[in-house]
Amino acid sequence: MTVQRNILCIGAGYVGGPTMAMIAHKCPHCRITVVDVNPDRIAAWNSGELPIYEPGLDQLVAATRGKNLFFSTDIEAGIRENEIIFVSVNTPTKTFGLGAGMAADLQHWEKTARQILEFSRSSKIVIEKSTLPVKTALAMERILNTRANGVHFDVLSNPEFLAEGTAVRDLENPDRVLIGSRETERGQKARETLVEIYGHWIPREKIITSNIWSSELSKLVSNAFLAQRISSINAISALCEKAEADITEVSRAVGMDSRVGAKFLNASIGFGGSCFKKDILNLVYLCRHYGLDEVADYWESVVKINQYQQERFIRNMLGAMFNTLAGKKICLWGFAFKSNTGDTRESPAIFIARRLLEEQAEIIVSDPKALKNARADLAGLAGRIDFVEDPVLAARGCHAIALLTEWDLYRHLDFQAIFATMDKPAFIFDGRNILDHRRCFEIGFNVYPVGKAPLTHF
Ligand SMILES: NC(=O)c1ccc[n+]([C@@H]2O[C@H](COP(=O)([O-])OP(=O)(O)OC[C@H]3O[C@@H](n4cnc5c(N)ncnc54)[C@H](O)[C@@H]3O)[C@@H](O)[C@H]2O)c1
């Protein structure tokens, strides 16, 4: 097939890798190169063991790699040889200086912009794939269009809405694709180029276009709304525990209102992941920058409730286990921030593990995909930590199981056999409300769900 478009993606992470693999799969006429500063990551993308776990990703990469999908560390050649450049570098929360703990750290993004300027010999379309504060495109345009050498850059915003764990499915069949551009003739022409690429597999009515600032802001607001739903239901779960109501019953009644909808209404230990917290704090920072303190306080409370919910989970454990965890063995089922991913960034499990160690409990960490990341997250912490992949073996001799990630496999274990190997009284703290609580109770466990009355034998 004749190559009609040469596409580069800078940043081979959770977004850049899967997104480019999907474009390569759907657009065989495009030649796609993904570059990264991290040579280990690129080596992993080129190996049999990809750097991230995502259902369906292995097959997608196997079908395209070496044909029209390439992974490389040669950023300079990549910029020179490609006419369309996606920028998908990380934009974490700033940890230093003005805005520390709130604002986005744009150093990787700005470095990339400067590299694009330095190595470009022809005009390019530059696409913001990373999640960025509003008006970042303006800064990008200012950096890129500083040289009067006939090379012009059109900047588009095309935020990514995929969810880890379902990335391949989301990329194949997204709810929408958003493309923001300048309203100029050049801006619209650039936008049409990107619309044409997505149009190879996404129905035209799902590809929405907007002004560039709306596009940048829509990504932050989408994540803020999703996280807000989790914090809303988690706040009510605390009330349910006091008022003898059941959060699952409340969620069902509320979610059946078609104006509200049933999704994202499960009470839990709270949200994690690299995006929700950072993007809300970014939104909060923007609001404060514009003097909108009431609006900033409103959104900041979503993050505060999330923290409160995790601390509440620890307090419930302490209360249930006779106010001391010292010397007790507690098995953590799941460490990833959600199921079907090995990603542990901002996982509630990190906070919970840390707090349990502070209480001088011994912890046994179990997860089918995230143990490597868990080891790195917990490295250097004082206390006894073991890592055991098999959840049944991990629970052996423990006083309690804390279920922290909603992996499907935990639903189907032999709880009778697990109970027999545990120290008594045995406890289950179901931080995701996925187990059959009544059955576990009948086997002999003391069961503590989130947002409903515990089932205990005392
Ligand atoms: N992870 C998600 O689910 C998700 C979903 C939607 C949007 N996003 C956004 O997408 C962006 C990327 O997220 P991610 O999870 O893929 O991050 P990531 O950390 O997994 O990947 C980013 C990659 O960029 C590379 N990089 C950094 N600076 C570079 C440079 N100057 N040149 C080349 N490579 C460079 C890093 O080495 C890293 O491999 C973020 O802005 C994030 O908010 C993430």
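Novice: Looking at this structure, I do not really get the sheet that holds strand β11 (residues 385-387). What am I missing?
Specialist: Paired through their backbone hydrogen bonds, the strands of a sheet run either parallel or antiparallel. Taking strand neighbours across the sheet as the criterion, the six strands line up as β11-β10-β9-β12-β13-β14 in an open arrangement whose pairing is parallel. Of all the strands in the sheet, the pair left with one neighbour each is β11 and β14 (446-448). On average, each strand axis in the sheet is inclined to that of its neighbour by 20 degrees, with strand direction left out of account. Of the strands in this sheet, β9 (329-333), β10 (362-366) and β12 (400-403) touch helix α13 (residues 348-358), which is tilted by about 160 degrees from β10. Taken strand by strand, helix α14 (residues 371-378) contacts β10 and β11, and its axis lies near 165 degrees from that of β11.

Novice: Explain helix α5 (residues 107-119) to me, please; I cannot follow it from the model alone.
Specialist: Note that an α-helix has 3.6 residues per turn; residues three or four places apart therefore point the same way. Look at α5: 18 Å from first C-alpha to last across 13 residues, which is about the 18 Å you get at 1.5 Å a residue. Turning to α5, its buried residues are W109, T112, A113 and I116. End-on, the buried residues of α5 take up no more than an arc of 100 degrees, which puts them together on one face. The exposed set on the far side of α5, more than 90 degrees from its buried face, consists of R114 and E118.

Novice: What is the right way to read the packing of helix α1 (residues 16-26) against helix α3 (residues 57-64) from this model?
Specialist: In a packed pair of helices, the relevant descriptors are the angle between the two axes and the axis-to-axis distance. Contact geometry for α1 and α3: axes closest at 9 Å, N-to-C directions at 50 degrees. In terms of orientation, α1 lies oblique with respect to α3. Seen from above, α1 lies across α3 with left-handed handedness. Contact residues: P18, A21, M22, A24 and H25 in α1; L57, L60, V61, A63 and T64 in α3. Looking at the contact of α1 with α3, its residues break down into eight nonpolar, two polar and no charged.

Novice: Explanation requested: the environment of G431 in the structure shown.
Specialist: With respect to the secondary-structure elements, G431 resides in the loop between β13 (427-430) and α17 (437-443). The exposure class assigned to G431 is buried, which follows from the 29 C-beta atoms found within 10 Å. Beyond its immediate stretch of four places on either side in the chain, G431 contacts S268, I269, F313, A402, L403, L404 and V450.

Novice: Teacher, can you tell me more about the domain arrangement of the protein here?
Specialist: Often, the extent of an interface is quoted as the loss of accessible area on bringing the components together. As far as domains go, the protein holds domain 1 (5-202) and domain 2 (217-458). A separation of 33 Å is found between the C-alpha centroids of domain 1 and domain 2. The residue makeup of the side of domain 1 that touches domain 2, split by class, is 13 nonpolar, four polar and two charged.

Novice: Before we go on, may I ask you to explain the site of the ligand in this structure?
Specialist: Looking at the ligand, there are 27 residues lining it, with G11, G13, H108, S130 and T131 nearest. Across the shell around the ligand, the residue classes break down as 10 nonpolar, 12 polar and five charged.

Novice: I would appreciate a short explanation of the pairing of strand β4 (residues 84-87) in the present structure.
Specialist: Consecutive side chains of a regular strand alternate in pointing toward one face of the sheet and then the other. Residue alternation in β4 divides its side chains into two sets, I84 and F86 and I85 and V87, and both sets are buried. Where strand β1 (residues 5-10) lies against β4, four bridges are found, and the strand directions are parallel. For C9, the partnering residue across the bridge sits in β4 and is F86. The pairing of β4 with strand β5 (residues 124-128) spans four bridges and is parallel. Across the sheet, I85 pairs through a bridge with V126, a residue of β5.

Novice: Sorry, what's going on with the nonpolar core here?
Specialist: Most often, soluble globular proteins keep nonpolar side chains buried together rather than apart. Within the largest apolar cluster, 82 residues are counted, with the highest numbers of intra-cluster contacts made by I23, I32, I85, V126, I127 and I280. Looking at this core element by element, the count peaks at eight residues for helix α9 (residues 212-243). Sequence-distant contacts of I23, defined by excluding residues within four places in its chain, comprise I7, C30, I32 and I197. Membership of the second largest hydrophobic core comes to 48 residues, among which are M321, I364, W407 and Y448.

Novice: Hey, could you run me through the environment of I208 in this one?
Specialist: Mapped onto the elements, I208 comes out in strand β8 (residues 207-211). When the 15 C-beta atoms within 10 Å are taken as the criterion, I208 is described as partly exposed. Considering only alpha carbons, one finds I208 and S222, 14 residues apart in sequence, at a separation of 15 Å. Apart from residues lying up to four places away in sequence, I208 is in contact with R176 and L178.

Novice: Explanation requested: unusual backbone geometry in the structure shown.
Specialist: For residues besides glycine, phi is generally negative; the peptide bonds are generally trans as well. In this chain, K424 is followed by P425 through a cis amide linkage whose omega measures 0 degrees. Phi is positive for E244, close to 60 degrees, though the residue is something other than glycine. For E244, the location among the structural elements is in the loop between α9 and α10 (247-255). With a phi angle near 50 degrees, N433 is a residue other than glycine that sits in the positive phi range.

Novice: Which parts of the structure should I look at to understand the packing of α5 against helix α6 (residues 136-144)?
Specialist: Viewed as axis vectors pointing N to C, α5 and α6 meet at an angle of 30 degrees, and their least axial separation amounts to 9 Å. When the axis of α5 is compared with that of α6, the two are roughly parallel. Seen along the crossing, α5 lies across α6 with a hand that is right-handed. Contacts from A113, R114, I116 and L117 in α5 reach M140, I143 and L144 in α6. Class assignment for the residues of the contact of α5 with α6 results in six nonpolar, no polar and one charged.

Parameters and conventions
- Residues numbered from 1 in each chain as written.
- Predicted model: local features only at pLDDT ≥ 70, side-chain atom pairs only at ≥ 80, totals over all residues.
- Pairing = 2+ DSSP bridges.
- Helix = DSSP H or I, 4+ residues; strand = E, 2+ residues; numbered from the N terminus.
- Axes fitted to C-alpha atoms, helices over the stretch in contact; angles between N-to-C directions.
- Contact = placed C-beta atoms within 7 Å.
- Expected span 1.5 Å × (residues − 1).
- Buried ≥ 20, exposed ≤ 12 C-beta atoms within 10 Å, placed from the backbone.
- Arc of directions from axis to C-beta.
- Parallel < 35°, antiparallel > 145°, perpendicular 65-115°, else oblique.
- Left-handed = near helix turned anticlockwise from the far one by under 90°.
- Nonpolar A, V, L, I, M, F, W, Y, C, P; charged D, E, K, R; others polar.
- Domains from an automatic or database assignment.
- Near = placed C-beta within 6 Å.
- Core = buried A, V, L, I, M, F, W, Y, C linked by C-beta atoms within 7 Å.

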